[in-house]
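# Working through the structure, step by step
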Amino acid sequence: MWKIIGIDLGTTNSCVSYMLGDKSEVIANAEGKRTTPSVVYIKGDELLVGDLAKRKAILEPKNVIREVKRFIGRKYSEVIGKENLPYDIKEDKDGGVLIVIGKKEYKPEQISAFILKKMKEDAEKFLGQPVTQAVITTPAYFNDSQRNATKAAGEIAGLKVERIINEPTAASLAYGEGKNKDEKVVVFDLWWGTFDVTVLEIGSEGTFQVLSTSWDTHLGWTDFDQRIMDRLVTGFKLKEGIDLTENAMAMQRLKTEAENAKHQLSQTERVDISIPFIITGKDGQPRNLEESLTRAQFENMCKDLFGRCKKPCLNALQDSKLSKKDINQIILVGWATRMPAVLKLVKEIFDKEPKATVNPDESVAQGAAIQWGIIQGDVKDILLLDVTPLSLAVEVEWGLAHVMIARNTTIPAKKNNIFTTAADNQNAVTVHVTQGERQFARDNKSLWMFNLEWIPSMRRGQPQIEVTFDIDANGILNVTAEEKSTGKKQEVKIQGSTNLSDEEITKAKAEAEKFAEEDKNRRENVESKNRMEALLYQMENLIAEKKDTIPDADKEIVNKLVADGKALKDKEDVTKEEIDEEIKRIEAEFQTIYQKYQAAPSQPAPNPDSELEKGNNGSTVEGEVIDADK
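Residues numbered from 1 in each chain as written. Predicted model: local features only at pLDDT ≥ 70, side-chain atom pairs only at ≥ 80, totals over all residues. Heavy atoms only, no water.

## With respect to the overall build of the protein
Rules: Put simply, DSSP marks the helices as runs of H or I at least four residues long and the strands as runs of E at least two long, and each gets a number from the N terminus on. Under the scheme applied here, a residue whose accessible area is under 20% of the maximum for its type counts as buried, over 50% as exposed, and between as partly exposed, the area being computed with a 1.4 Å probe on protein chains only. Here, Shrake-Rupley sampling with a 1.4 Å probe gives the accessible areas, and only protein chains in the shown set may cover a residue.
Helices and strands together make up the secondary structure of the protein, namely 15 helices and 31 strands. For the protein, the residues scored as buried account for 55% of the 630 residues in total. Carbon together with sulfur atoms contributes 47% to the accessible area of the protein, which is approximately 27800 Å² in total.

## A closer look at the environment of Ile5
Heads up, the rule is: Here, two residues are considered to be in contact whenever any of their heavy atoms come within 4.5 Å of each other.
If you trace the backbone, Ile5 turns up in strand β1 (residues 3–8). It is 6.7 Å that separates the C-alpha atoms of Ile5 and Val16, two residues lying 11 residues apart in sequence. With residues up to four places along the chain from it excluded, the contact list for Ile5 reads Val16, Ser17, Ile27, Lys120, Ala123, Leu127, Val131, Gln133, Ala134 and Val135.

## Comments concerning a negative patch on the surface
Threshold: Exposure above 30% relative accessible area and the absence of a salt bridge qualify a residue for a patch, where like charges join within 9 Å and nonpolar side chains (Val, Leu, Ile, Met, Phe, Trp, Tyr) within 5 Å. The term salt bridge refers to a side-chain nitrogen of Lys or Arg lying within 4 Å of a carboxyl oxygen of Asp or Glu. The charged-residue count follows a simple rule in which Lys and Arg add positive charge and Asp and Glu add negative charge, with His and chain termini not counted at all. Just so you know, the charge point we use is NZ for Lys, CZ for Arg, CG for Asp and CD for Glu.
A contiguous patch of negative charge, built from Glu572, Asp573, Glu577 and Glu578, is present on the exposed surface. You can see Glu577 is positioned in helix α15 (residues 576–597). Among the residues examined, Glu577 registers a relative accessible area of 57% and is labelled exposed.

## Focus on the pairing of strand β27 (residues 477–483)
Condition: If DSSP finds at least two bridges between two strands, the strands pair.
Extensive coverage of β27 is indicated by the burial of 6 of its 7 residues. The pairing of strand β26 (residues 465–471) with β27 spans 7 bridges and is antiparallel. In the strand pairing of β27, Glu466 is matched with Glu482.

## Considerations on the sheet that holds strand β8 (residues 88–91)
Sheet strands pair via backbone hydrogen bonds, and the direction of the pair is either parallel or antiparallel. Under the convention used in this document: Every angle, taken between N-to-C directions, lies between 0 and 180 degrees, and every axis is a line fitted to C-alpha atoms, over only the stretch in contact when it is a helix.
Taken in spatial order, the 3 strands of this open sheet run β8-β9-β10, and their pairing is antiparallel. The open sheet has two edge strands with one neighbour each: β8 and β10 (104–106). Taking the axes of each pair of neighbouring strands and ignoring which way they run, one obtains an average angle of 35° across the sheet. Direction of pairing for β8 relative to strand β9 (residues 97–101): antiparallel, over a ladder of 4 bridges. Counted as the bridge partner of Asp88 is Val100 from β9. Each of β9 and β10 is contacted by helix α2 (residues 108–127), which is oriented at about 80° to β10, the strand it contacts most.

## Re α2
Rules: Expected span of a helix, by definition, is 1.5 Å for each gap between consecutive residues, and there is one gap fewer than residues.
Taking 1.5 Å per residue, 20 residues should reach 28 Å; α2 reaches 28 Å between its end C-alpha atoms and fits that length. Count one or two residues on from α2 and you reach Gly128, which has phi positive near 75°.

## So, the packing of aromatic side chains
Any pair of aromatic rings gets described here by the distance separating the centres and the angle formed by the planes. Going by this rule: Only rings of Phe, Tyr and Trp enter the pairing, Trp through its six-membered ring, and a pair is recorded when the two centres are within 6.5 Å. The plane angle decides the type: under 30 degrees is stacked, over 60 is edge-to-face, the rest tilted.
Applying the stated criterion to the full structure yields 5 aromatic pairs. Geometrically, the ring pair formed by Phe224 and Phe298 is tilted, given 6.4 Å between the ring centres and 50° between the ring planes. With Phe224 in helix α5 (residues 221–240) and Phe298 in helix α7 (residues 295–301), this residue pair connects regions lying 74 residues apart in the sequence. Judged by relative accessible area, which is 3%, Phe298 ranks as buried. Both rings, one in Phe224 and one in Phe306, keep their centres 5.0 Å apart while their planes meet at 40°; by these two values the pair is tilted.

## As for the sheet that holds strand β7 (residues 64–66)
Strand order in this open sheet of 3 strands is β6-β5-β7, and the pairing throughout is antiparallel. At either end of the open sheet lies a strand with only one pairing partner, and these are β6 (46–49) and β7. When strand polarity is set aside, the average angle formed by the axes of neighbouring strands in this sheet is 15°. As judged from the 3 bridges shared by strand β5 (residues 39–43) and β7, these two strands associate in the antiparallel manner.

## Thoughts on the pattern of salt bridges
Note on pairing: side chains with opposite charge can pair once their charged atoms come close. Within this structure, the stated rule accounts for 41 salt bridges. Note that Asp304 is salt-bridged to Arg227, the shortest N-O span being 2.8 Å. One end of the pair, Asp304, is in helix α8 (residues 303–307); the other, Arg227, is in helix α5, with 77 residues separating them in the sequence. Look at the salt bridges and you will find they share partners, linking Arg66, Glu67, Arg70, Lys255 and Glu259 into a network.

## Focus on the side chain of Glu60
Looking at the element boundaries, Glu60 is found in the loop between α1 (51–54) and β7. Sequence-distant contacts of Glu60, that is, excluding residues within four places in its chain, are made with Tyr41 and Lys43.

## Some remarks on the confidence of the model for the protein
Let me state the cut-off plainly: Confidence scores here are pLDDT values: one per residue, from the predictor, ranging 0 to 100.
Averaged over all residues, the pLDDT of the protein is 82; the fraction at 70 or higher stands at 87%. In this model residues 495–502 is a low-confidence stretch, pLDDT under 50, and it forms 30 contacts with partners more than four residues away in sequence or in other chains. Long-range and interchain partners of residues 599–623, a stretch whose pLDDT sits below 50, account for 61 contacts in this model, where long-range means more than four residues apart.

Structure, rendered in structure tokens:
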């Protein structure tokens, strides 16, 4: 039987695992190591991956691609630090990233595929049989575009990707393997360029439920390396008068030594950094770099970076509705969690010692293999429940974002709501899908927009348009809109070419907090305007339908009330209180005329505060008028 492997496709290192019976085991690569550098060397027809490629970085930096995970599924405009790359990248015609090596251009998926192919081949050599399927991990914050690009890389490498699983969730599976007790667990995941925190509940019945996730996508151990590099560059410039940043080969050697120094400072109090012949001076003589660094100096240099770990931890706890007293274990993932300052910080945040119960370099790959064991049935009595990281919404009248699936909802998830039209005889509506935590669609990230056309001519509020959001186990979204009377349907699988970048996700959450009160006030203002509009629509309908029976004097009164309402509603600086007060006045005066004729419009206008829609569970919730083409 063909084996299915679990792969942790990392920014710096990758790891592959498989299930041996009901246990996950890491597979050593062809060089005998349990992790493989995510590094690719290309020169002409020569292609090297892993340690062999990494050794080429100092002498041929322009031919060595590192950290390609930064680019996968992202726009060129979203990439930060382009100027610091030793190799060349450019913008693709579709707005994505192209990596330029010599005269050839490669998409990030192709480079990632070279890494995945090596993992596949190493696994086949170890297992002695073909490997054609895999479960691959991604960071929790990866959006739909990045997940799809990761799947594409797997397919290019000759692997059918059975499931995409979040890295912290995979680590928790590795931690929970063989355990049978109820625990609340925090996964503290500090890797190359990102930091995320996930809170899970592990049940004695074998359930793994993600309660919340939070992150800082601009914090990783590369930031700590950069602080060491900055210190070395500054010191060398003061001593020798030479700027090392202008020499790519020197900077590559500096980067390697900075990484080594950081590693050593986790084990010792002081490290001596020596790089002989790092560069040639203007006099033609070689220059050496000699520097020493203590752990105390290093921790002081990075004090603000360590401090930034605190907020995502507190946010994740808040979203999970747990306190630090509720947490039983903290699982550390990523090399940076070995730093003494990180261990101390975790203890301060959660009031308990993190335990080294899983290997921080291997647990993610092991969890991926366990996930396949769950899918296949080899691992029994485990149910994994993950969550979606940001709210998914559809734009409705006045630009409001009607949340369909809220942030931290367990996936897979499916939700459907009934919407209607905003005008009489409207034959098309626009379905605009957004992602984010702001209350207005324009303030969130636009994921997709499509039209549902050929709606039969009806009065405002009569058409029933069912919109369905369906997120699969990989976190990939499908959106369907159907007009119920005709069955006409429009469906899209969002491939994510315009989805959230990692920094936009962080920005979305930060802005939601910053503008929460402002958004609340704006939404209440819009809702008052909606009530005013519905009232005016009702009044205009009365005049239109009873034009032959209502005297001109009463018509004039109603038309004056309508004009007053429209004038106030359209004022830019009008407040909710002013609108509500005017609604009371108009309703009171209109009620006298309405009762006189004891007639209402045959089809009253829909009121967004009272109109009902059916959810997928059959319950009724408040409905909305969908934003539309008019």
